[in-house]
Amino acid sequence: MDSSQVRRKSRPLGSDVIEENGGEATFFDDALFETRRPTSTRRYKAYAPPSRDTTDDPGIVYRRRSRGLQQETIDLDDDELPQSAPGKRPARKRRISPLLLILVGGIMTIVLFMLLNVVFSWWQLYQDDLHYGRPRTSHLDAVVGHEDSKEKPTHFIFLNLDRHIQVVEIPGGDPSKVRIFPGPILLGDGQDLTPVTGEVKDVDGDGKPDLLVHIQNQQIIFYNDGKTFKAR
(Lines give C-alpha, C1' and ligand atoms only; values in the text may rest on other atoms or scores of the structure.)
Protein backbone atom coordinates (compact mmCIF):
# COMPACT_ATOMS: atom_id res chain seq x y z
CA MET A 1 0.00 0.00 0.00
CA ASP A 2 1.24 3.46 -0.89
CA SER A 3 2.51 5.41 2.09
CA SER A 4 1.18 8.62 0.58
CA GLN A 5 -2.29 7.29 0.71
CA VAL A 6 -4.24 8.82 3.55
CA ARG A 7 -5.63 6.27 5.89
CA ARG A 8 -9.11 7.04 6.86
CA LYS A 9 -9.86 6.92 10.50
CA SER A 10 -12.28 4.37 11.58
CA ARG A 11 -15.59 5.81 12.70
CA PRO A 12 -16.63 4.79 16.14
CA LEU A 13 -19.89 3.01 16.47
CA GLY A 14 -22.77 5.08 17.62
CA SER A 15 -21.29 8.31 16.20
CA ASP A 16 -22.42 10.60 13.40
CA VAL A 17 -20.35 12.54 10.88
CA ILE A 18 -21.10 16.22 11.00
CA GLU A 19 -18.64 17.69 8.52
CA GLU A 20 -15.43 17.00 6.74
CA ASN A 21 -12.67 19.57 6.31
CA GLY A 22 -9.54 18.88 4.34
CA GLY A 23 -10.18 15.22 4.27
CA GLU A 24 -10.69 14.96 8.03
CA ALA A 25 -14.05 14.20 9.55
CA THR A 26 -15.40 15.39 12.85
CA PHE A 27 -17.38 12.85 14.82
CA PHE A 28 -19.81 13.48 17.65
CA ASP A 29 -21.05 10.94 20.13
CA ASP A 30 -24.71 10.05 19.86
CA ALA A 31 -24.99 10.35 23.64
CA LEU A 32 -24.74 14.12 23.29
CA PHE A 33 -27.96 14.12 21.35
CA GLU A 34 -29.86 11.75 23.58
CA THR A 35 -33.48 12.74 23.69
CA ARG A 36 -36.11 11.94 26.28
CA ARG A 37 -38.38 9.09 25.45
CA PRO A 38 -42.01 10.01 25.23
CA THR A 39 -43.94 8.77 28.24
CA SER A 40 -47.12 9.64 30.07
CA THR A 41 -45.59 8.96 33.47
CA ARG A 42 -44.10 11.92 35.37
CA ARG A 43 -41.01 11.15 37.37
CA TYR A 44 -40.31 12.78 40.73
CA LYS A 45 -37.12 12.99 42.62
CA ALA A 46 -36.98 10.85 45.70
CA TYR A 47 -37.35 12.89 48.91
CA ALA A 48 -34.27 12.78 51.06
CA PRO A 49 -35.06 12.74 54.80
CA PRO A 50 -33.48 15.47 56.91
CA SER A 51 -29.97 14.77 58.03
CA ARG A 52 -30.75 15.69 61.64
CA ASP A 53 -33.50 15.08 64.14
CA THR A 54 -36.20 17.70 63.84
CA THR A 55 -36.85 17.50 67.56
CA ASP A 56 -33.51 19.24 68.12
CA ASP A 57 -35.08 22.48 66.92
CA PRO A 58 -38.44 23.02 68.64
CA GLY A 59 -39.07 26.07 66.46
CA ILE A 60 -39.50 23.94 63.27
CA VAL A 61 -42.72 22.04 62.72
CA TYR A 62 -43.31 19.71 59.76
CA ARG A 63 -46.81 19.33 58.45
CA ARG A 64 -47.84 16.61 56.04
CA ARG A 65 -49.94 17.73 53.12
CA SER A 66 -51.35 16.11 49.99
CA ARG A 67 -48.34 17.01 47.81
CA GLY A 68 -45.60 15.98 50.14
CA LEU A 69 -43.93 17.18 53.32
CA GLN A 70 -43.75 20.92 53.69
CA GLN A 71 -41.57 22.65 56.25
CA GLU A 72 -43.08 25.45 58.27
CA THR A 73 -41.17 27.59 60.73
CA ILE A 74 -42.85 28.89 63.89
CA ASP A 75 -41.10 31.33 66.20
CA LEU A 76 -41.47 30.40 69.85
CA ASP A 77 -40.36 32.35 72.90
CA ASP A 78 -37.89 30.86 75.32
CA ASP A 79 -40.60 30.62 77.98
CA GLU A 80 -42.78 28.51 75.66
CA LEU A 81 -40.09 25.97 74.88
CA PRO A 82 -40.38 22.69 76.77
CA GLN A 83 -37.95 22.53 79.63
CA SER A 84 -36.47 19.14 80.29
CA ALA A 85 -33.42 17.89 82.04
CA PRO A 86 -31.62 15.51 79.67
CA GLY A 87 -30.28 12.37 81.18
CA LYS A 88 -32.46 12.56 84.32
CA ARG A 89 -35.29 10.21 85.09
CA PRO A 90 -38.47 11.53 86.72
CA ALA A 91 -38.40 11.15 90.48
CA ARG A 92 -40.54 8.36 91.82
CA LYS A 93 -43.19 9.32 94.34
CA ARG A 94 -42.57 7.95 97.80
CA ARG A 95 -45.40 6.52 99.79
CA ILE A 96 -46.00 8.11 103.19
CA SER A 97 -46.57 5.71 106.02
CA PRO A 98 -49.96 6.08 107.79
CA LEU A 99 -48.16 5.79 111.13
CA LEU A 100 -46.05 8.82 110.24
CA LEU A 101 -49.17 10.81 109.36
CA ILE A 102 -50.76 9.91 112.70
CA LEU A 103 -47.59 10.92 114.56
CA VAL A 104 -47.34 14.27 112.76
CA GLY A 105 -51.04 14.92 113.33
CA GLY A 106 -50.69 14.20 117.05
CA ILE A 107 -47.72 16.55 117.40
CA MET A 108 -49.54 19.32 115.53
CA THR A 109 -52.60 18.85 117.78
CA ILE A 110 -50.48 19.17 120.93
CA VAL A 111 -48.72 22.27 119.63
CA LEU A 112 -52.05 23.83 118.63
CA PHE A 113 -53.52 23.08 122.07
CA MET A 114 -50.53 24.70 123.78
CA LEU A 115 -50.82 27.80 121.61
CA LEU A 116 -54.54 28.10 122.32
CA ASN A 117 -53.87 27.72 126.04
CA VAL A 118 -51.30 30.51 125.96
CA VAL A 119 -53.66 32.79 124.03
CA PHE A 120 -56.56 32.05 126.38
CA SER A 121 -54.43 32.72 129.48
CA TRP A 122 -53.24 36.03 128.05
CA TRP A 123 -56.78 37.07 127.16
CA GLN A 124 -58.09 36.18 130.63
CA LEU A 125 -55.29 38.14 132.28
CA TYR A 126 -56.05 41.11 130.05
CA GLN A 127 -59.74 41.01 130.97
CA ASP A 128 -58.94 40.80 134.71
CA ASP A 129 -56.65 43.82 134.41
CA LEU A 130 -59.51 45.78 132.85
CA HIS A 131 -62.10 44.79 135.46
CA TYR A 132 -60.13 44.44 138.72
CA GLY A 133 -56.87 46.32 138.16
CA ARG A 134 -53.68 45.69 140.15
CA PRO A 135 -53.81 44.77 142.97
CA ARG A 136 -57.03 42.90 142.32
CA THR A 137 -59.92 44.86 143.81
CA SER A 138 -63.73 44.69 143.64
CA HIS A 139 -66.52 46.70 145.31
CA LEU A 140 -70.04 46.06 146.60
CA ASP A 141 -72.79 48.22 148.14
CA ALA A 142 -75.48 46.50 150.24
CA VAL A 143 -77.77 47.03 153.25
CA VAL A 144 -76.75 44.56 155.98
CA GLY A 145 -78.22 46.26 159.11
CA HIS A 146 -74.96 47.76 160.38
CA GLU A 147 -75.99 51.40 160.91
CA ASP A 148 -76.90 51.70 157.24
CA SER A 149 -79.97 52.28 155.08
CA LYS A 150 -81.00 52.28 151.46
CA GLU A 151 -79.91 55.91 151.24
CA LYS A 152 -76.58 55.12 152.92
CA PRO A 153 -75.69 51.48 152.24
CA THR A 154 -72.63 49.73 153.59
CA HIS A 155 -69.68 49.71 151.21
CA PHE A 156 -67.47 46.60 150.91
CA ILE A 157 -64.00 46.38 149.36
CA PHE A 158 -62.58 42.96 148.45
CA LEU A 159 -58.82 43.11 148.05
CA ASN A 160 -56.06 40.68 147.03
CA LEU A 161 -52.96 42.42 148.32
CA ASP A 162 -49.90 40.35 147.47
CA ARG A 163 -51.88 37.07 147.90
CA HIS A 164 -53.38 38.24 151.21
CA ILE A 165 -57.18 38.39 151.01
CA GLN A 166 -58.79 41.26 152.92
CA VAL A 167 -62.39 42.45 153.21
CA VAL A 168 -62.98 46.08 154.18
CA GLU A 169 -66.42 47.12 155.51
CA ILE A 170 -67.49 50.77 155.71
CA PRO A 171 -70.86 50.77 157.57
CA GLY A 172 -73.28 53.36 156.21
CA GLY A 173 -70.41 54.84 154.18
CA ASP A 174 -68.83 56.27 157.36
CA PRO A 175 -64.99 55.98 157.10
CA SER A 176 -64.63 56.38 160.88
CA LYS A 177 -66.31 53.00 161.42
CA VAL A 178 -64.18 50.95 159.02
CA ARG A 179 -63.77 47.24 159.80
CA ILE A 180 -61.23 44.91 158.18
CA PHE A 181 -61.79 41.15 157.99
CA PRO A 182 -58.67 39.18 157.09
CA GLY A 183 -59.04 36.25 154.74
CA PRO A 184 -56.81 33.36 153.68
CA ILE A 185 -53.36 33.61 152.15
CA LEU A 186 -53.17 32.27 148.60
CA LEU A 187 -50.29 29.98 147.66
CA GLY A 188 -48.76 29.42 144.24
CA ASP A 189 -47.30 31.39 141.37
CA GLY A 190 -49.51 34.09 139.94
CA GLN A 191 -51.98 33.99 142.85
CA ASP A 192 -51.40 37.68 143.47
CA LEU A 193 -53.40 38.26 140.27
CA THR A 194 -56.40 36.17 141.36
CA PRO A 195 -59.60 38.26 141.44
CA VAL A 196 -61.68 38.41 144.65
CA THR A 197 -65.41 39.18 144.60
CA GLY A 198 -68.26 39.07 147.12
CA GLU A 199 -72.02 39.10 147.62
CA VAL A 200 -74.55 39.24 150.48
CA LYS A 201 -77.01 36.40 151.05
CA ASP A 202 -78.88 34.90 154.02
CA VAL A 203 -77.14 31.55 154.29
CA ASP A 204 -78.32 30.30 157.72
CA GLY A 205 -81.90 31.59 157.38
CA ASP A 206 -81.89 33.95 160.40
CA GLY A 207 -83.14 36.88 158.34
CA LYS A 208 -79.79 38.63 158.35
CA PRO A 209 -77.73 38.91 155.15
CA ASP A 210 -74.41 37.13 155.41
CA LEU A 211 -71.25 38.00 153.48
CA LEU A 212 -69.90 35.53 150.89
CA VAL A 213 -66.37 35.96 149.50
CA HIS A 214 -65.48 34.22 146.19
CA ILE A 215 -61.86 33.36 145.38
CA GLN A 216 -61.69 31.35 142.14
CA ASN A 217 -63.53 28.11 143.04
CA GLN A 218 -63.44 28.74 146.79
CA GLN A 219 -66.10 30.41 148.90
CA ILE A 220 -65.66 31.95 152.36
CA ILE A 221 -68.70 32.84 154.49
CA PHE A 222 -68.78 35.60 157.11
CA TYR A 223 -71.95 35.31 159.19
CA ASN A 224 -73.88 38.39 160.28
CA ASP A 225 -74.68 38.64 164.00
CA GLY A 226 -76.51 41.97 163.64
CA LYS A 227 -73.52 44.14 164.53
CA THR A 228 -70.57 42.69 162.60
CA PHE A 229 -69.44 39.67 160.56
CA LYS A 230 -67.77 36.62 162.02
CA ALA A 231 -66.22 33.57 160.38
CA ARG A 232 -67.18 30.16 161.78
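Residues numbered from 1 in each chain as written. Predicted model: local features only at pLDDT ≥ 70, side-chain atom pairs only at ≥ 80, totals over all residues. Heavy atoms only, no water.

Identification of the protein as VCBS repeat protein from Thermosporothrix hazakensis is taken from an unreviewed UniProt entry.

Observations regarding the sheet that holds strand β7 (residues 164-170)
What the four strands build is an open sheet, ordered β5-β6-β7-β8; its pairing is antiparallel. Each of the sheet's edge strands pairs with one partner strand only, and the pair in question is β5 (136-142) and β8 (179-185). The mean angle between the axes of side-by-side strands here comes to 15°, regardless of whether they run parallel or antiparallel. By the bridge criterion, seven bridges tie β5 to strand β6 (residues 154-161) in an arrangement that is antiparallel. Bridge assignment links Asp141 to a residue of β6, and that residue is His155. (Pairing = 2+ DSSP bridges. Helix = DSSP H or I, 4+ residues; strand = E, 2+ residues; numbered from the N terminus. Axes fitted to C-alpha atoms, helices over the stretch in contact; angles between N-to-C directions.)

Considerations on the UniProt feature "transmembrane region" (unreviewed entry) in the protein
Residues given the UniProt feature "transmembrane region" (unreviewed entry) here are residues 99-123. When the span residues 99-123 is considered, its composition is 100% helix and 0% strand, and the gap between its end C-alpha atoms is 36 Å. (UniProt positions renumbered as here; feature names shortened; annotations may be inferred.)

Considerations on the nonpolar core
Core analysis: the largest hydrophobic core is formed by 15 residues, its most contacted members being Phe156, Phe158, Leu211, Val213 and Phe229. When contributions to this core are tallied by element, the ones reaching two or more residues are β5, β6, β7 and β10 (210-215). If we skip the residues at most four places from it in the chain, Phe156 touches Ser138, His139, Leu140, Val144, Val168, Glu169, Val200, Leu211 and Phe229. (Core = buried A, V, L, I, M, F, W, Y, C linked by side-chain atoms within 4.5 Å. Buried < 20%, exposed > 50% of the residue type's maximum accessible area, 1.4 Å probe, protein only. Contact = heavy atoms within 4.5 Å.)

A closer look at helix α1 (residues 98-132)
Across its 35 residues, α1 extends 50 Å between first and last C-alpha, which sits within 8% of the 51 Å expected from 1.5 Å per residue. Counting buried positions along α1 yields one of 35 residues, so the element is predominantly exposed. Looking one or two residues beyond α1, the residue adopting positive phi is Gly133, at roughly 70°. (Expected span 1.5 Å × (residues − 1).)

Description of the packing of aromatic side chains
Summed over all chains, the structure comprises seven aromatic pairs. On the numbers, 5.8 Å between centres and 35° between planes, the contact of Trp123 with Tyr126 is tilted. Taken as a pair, Trp123 and Tyr126 lie in helix α1 at a separation of three residues, close to a single helical turn. With 5.9 Å between their ring centres and 45° between their planes, Phe181 and Phe222 make a pair best called tilted. Of this pair, Phe181 sits in strand β8 while Phe222 sits in strand β11 (residues 218-224), and the two are 41 residues apart along the sequence. Taken as a pair, Phe181 and Phe222 share a single burial class, namely buried. Aromatic ring contacts, followed pair by pair, group Phe156, Phe158, Phe181, Phe222 and Phe229 into a single cluster. (Phe/Tyr/Trp six-rings, centres within 6.5 Å; stacked < 30°, edge-to-face > 60°.)

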